[in-house]
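# Reading the structure
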Protein chains: 2
Amino acid sequence: MFEVHPKLAEDCITIGSFGLCRLLLMNDANYPWLILVPEREGVMEIYQLSQEHQQQLLRESSRLAQGLAEDFGADKMNIAALGNVVPQLHIHHIVRYRNDPAWPAPVWGKTEAKPYQHGQIEVLRQRLHRLFADLAPVS
Amino acid sequence: MFEVHPKLAEDCITIGSFGLCRLLLMNDANYPWLILVPEREGVMEIYQLSQEHQQQLLRESSRLAQGLAEDFGADKMNIAALGNVVPQLHIHHIVRYRNDPAWPAPVWGKTEAKPYQHGQIEVLRQRLHRLFADLAPVS
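Residues numbered from 1 in each chain as written. Chains lettered and ligands numbered in written order. Predicted model: local features only at pLDDT ≥ 70, side-chain atom pairs only at ≥ 80, totals over all residues. Heavy atoms only, no water.

### Details of the overall build of chain A
The secondary structure content of chain A amounts to three helices and five strands. Here chain A has a C-alpha radius of gyration of 14 Å; the compact-globule value for 139 residues is 14 Å, and the two agree. Structurally, chain A occupies a C-alpha span of about 40 × 30 × 25 Å along its principal axes. Across the 139 residues in chain A, those meeting the buried criterion constitute 55%. Once local pairs closer than 6 in sequence are excluded, the contacts in chain A between residues at least 24 apart make up 57%. (Helix = DSSP H or I, 4+ residues; strand = E, 2+ residues; numbered from the N terminus. Rg over C-alpha atoms; globule rule 2.2 N^0.38 Å. Buried < 20%, exposed > 50% of the residue type's maximum accessible area, 1.4 Å probe, protein only. Contact = heavy atoms within 4.5 Å.)

### Section: the interface of chain A and chain B
In this complex, chain A contributes 27 residues to the contact, which on the side of chain B involves 27 residues. Summing both partners gives a buried area of about 2,600 Å² for chain A against chain B, and 58% of it is carried by carbon and sulfur. Broken down residue by residue, the surface that chain A buries against chain B is led by Tyr47(A), Lys76(A) and Asn84(A), which jointly contribute 26%. Here chain A is connected to chain B by two salt bridges. Salt-bridge contacts for Lys76(A) lead to Glu45(B); the nearest nitrogen and oxygen are separated by 3.0 Å. Put simply, chain A and chain B have 18 residue pairs in polar contact (both at pLDDT 80 or more) between them. (Buried area = accessible area lost by both parts, 1.4 Å probe. Salt bridge = Lys/Arg side-chain N within 4 Å of Asp/Glu carboxyl O. Polar contact = N/O pair within 3.5 Å; in protein donor to acceptor, adjacent residues only side chain to side chain.)

### Remarks on the relation of the copies chain A and chain B
Superposing chain A onto chain B takes a rotation of 180 degrees plus a shift of 0.0 Å along the axis, which leaves an RMSD of 0.0 Å. When the rotation and shift are considered jointly, the pair of chain copies conforms to a two-fold rotation axis. Judged by C-alpha distance, Ala80(A) is the residue of chain A that lies nearest the rotation axis, at 2.0 Å. Interface residue correspondence from chain A to chain B reaches 100%, placing this contact among same-surface, isologous pairings. (Least-squares fit on C-alpha atoms with pLDDT ≥ 70 in both.)

### A word on the layout of surface pockets
Volume-wise, the largest pocket comes out at about 830 Å³. Around the largest pocket, the lining is made up of 32 residues, and of these Asp11(A), Met26(A), Trp33(A), Trp108(A) and Gly109(A) lie nearest the centre. Its volume calculated, the second largest pocket comes out at about 600 Å³. Lining the second largest pocket are 26 residues; nearest its centre among them are Asp11(B), Met26(B), Trp33(B), His92(B) and Trp108(B). Listed by contribution, the elements that provide at least two residues to the lining of the second largest pocket are α1 (6–11) and β3 (33–38) of chain B. Take the lining of the second largest pocket: its biggest share by element is three residues, from α1(B). Class assignment for the residues of the lining of the second largest pocket results in 14 nonpolar, seven polar and five charged. (1 Å grid on protein atoms, 1.4 Å probe; cavity = no way out; pocket = protein on both sides within 12 Å on 5 of 7 lines; lining within 4 Å. Points joined across faces, edges and corners; volume = space filled by probe spheres on them. Nonpolar A, V, L, I, M, F, W, Y, C, P; charged D, E, K, R; others polar.)

### Things to note about the pattern of salt bridges
Residues and elements named next belong to chain B. In this structure the tally under the stated criterion is 16 salt bridges over all chains. Salt-bridge contacts for Asp71 lead to Arg127; the nearest nitrogen and oxygen are separated by 2.8 Å. Here Asp71, found in helix α2 (residues 51–71), pairs with Arg127, found in helix α3 (residues 118–131); they are 56 residues apart in sequence, far enough to count as distant. Assessed through its relative accessible area of 27%, Arg127 is described here as partly exposed.

### Section: the environment of Gly19(B)
Residue and element names in this part refer to chain B. One can find Gly19 in the loop between β1 (12–17) and β2 (21–26). Sequence-wise, Gly19 and Met44 are 25 residues apart; in three dimensions their C-alpha atoms are separated by 19 Å. Residues within four places of Gly19 in sequence aside, it is in contact with Glu39, Gln56 and Glu60.

### Topic: the sheet that holds strand β4 (residues 76–81) of chain B
With antiparallel pairing, the 10 strands of this open sheet are ordered in space as β1(A)-β2(A)-β3(A)-β5(A)-β4(A)-β4(B)-β5(B)-β3(B)-β2(B)-β1(B). For this open sheet the edge positions go to β1 (12–17) of chain A together with β1 of chain B, each flanked by a neighbour on one side alone. Within this sheet the neighbouring strands show an average axis-to-axis angle of 20 degrees, counted without direction. Bridge analysis of β3(B) against strand β5 (residues 91–96) of chain B gives four bridges, and the strand direction is antiparallel. From the neighbouring strand, Leu34(B) faces β5(B), where its bridge partner is His93(B). Packed on one face of the sheet, helix α2 (residues 51–71) of chain A meets β2 (21–26), β3 (33–38), β4 (76–81) and β5 (91–96) of chain A and runs near 170 degrees to β3(A). (Pairing = 2+ DSSP bridges. Axes fitted to C-alpha atoms, helices over the stretch in contact; angles between N-to-C directions.)

### Description of the confidence of the model for chain A
Mean pLDDT over chain A works out to 97, with 100% of the residues at or above the 70 mark. Across the whole predicted complex the pTM is 0.98, and at the interface the ipTM reaches 0.97. (pLDDT = per-residue confidence, 0-100.)

See below:
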C-alpha cells in the first residue's frame, strides 16, 4: 500500500498522478517546484525500480521537465533525486530563473519556504492540469 | 564535435566512456563524486536527447549508481542534473555517507573541494575500471 512520506505530505500539495508517479507541488512560492514520487512502496533509489518502471519514470520526468520549461519559461531545469532526509524516492523538478532567490546555487538551504496563498495554489493546479491533460486526480 | 565543457575539464579527471556518456571524477576527496556527460554537442536538458539516448543515459546512470552504492557502501546516492553554472548536460552521482562533511544537506556550496593526491586518483581509476568492465579508455 503506497503512501506519500509524511514529510513530503506536509511540505507539498498533491496535484495528481501520471500513472507511475504522484505529482506534488512544493509549497514554496520562491520557485515553481514539482516533485515526482513513484507510487511504489519501499523504493529509495531509481535503480531499485524495475527496468520498465525506470523507463516510465524517465518518460514522466522528461515530459514534466519539458512542459514546465516551456510553459514557465525556465532559464534552466534542475532535476534531482537526493533523499538524504526523506528516504522515499522522489525526484525534484525545479524551474530556475536567473533572477530567482538562489541562482545560480541549488535551491536547498538557500531561502525559507514562502507558502502559497490558497488562491495561487488553485491557479497553479488548473494550469498544471491544462498543461498535462493525462494528469489524473488523486482521491 | 563533442568536447567536455572547460569548467568540467578543470574540476574533474576523465575516467572513461560508457558509450553514450563520458565518466568524470570530481576532484574532491570529500565525497566519491562521479559525473556522466552525454557525448552530444549542445544538449542542456535530458529531454533534449533522443528517446533512445535518454534510455541509454538512464541505463548508464542506474548501473553507475548501483555499482557505486554497492562497492562504496553508500548510505544514499544523490543524483542530480543542475547545470546553472555549466550549461552542458551533466549528471552528478554522489556517494553520500551519514558522516560526510555536508550530510544531510546537498553537497553544493558546503565545503571547499579537497583535491586528491595523484596516487589516490590512480587507485580510484583502477577501482572504477574493475567495477565497470565496459568502461572504455578515452584518448
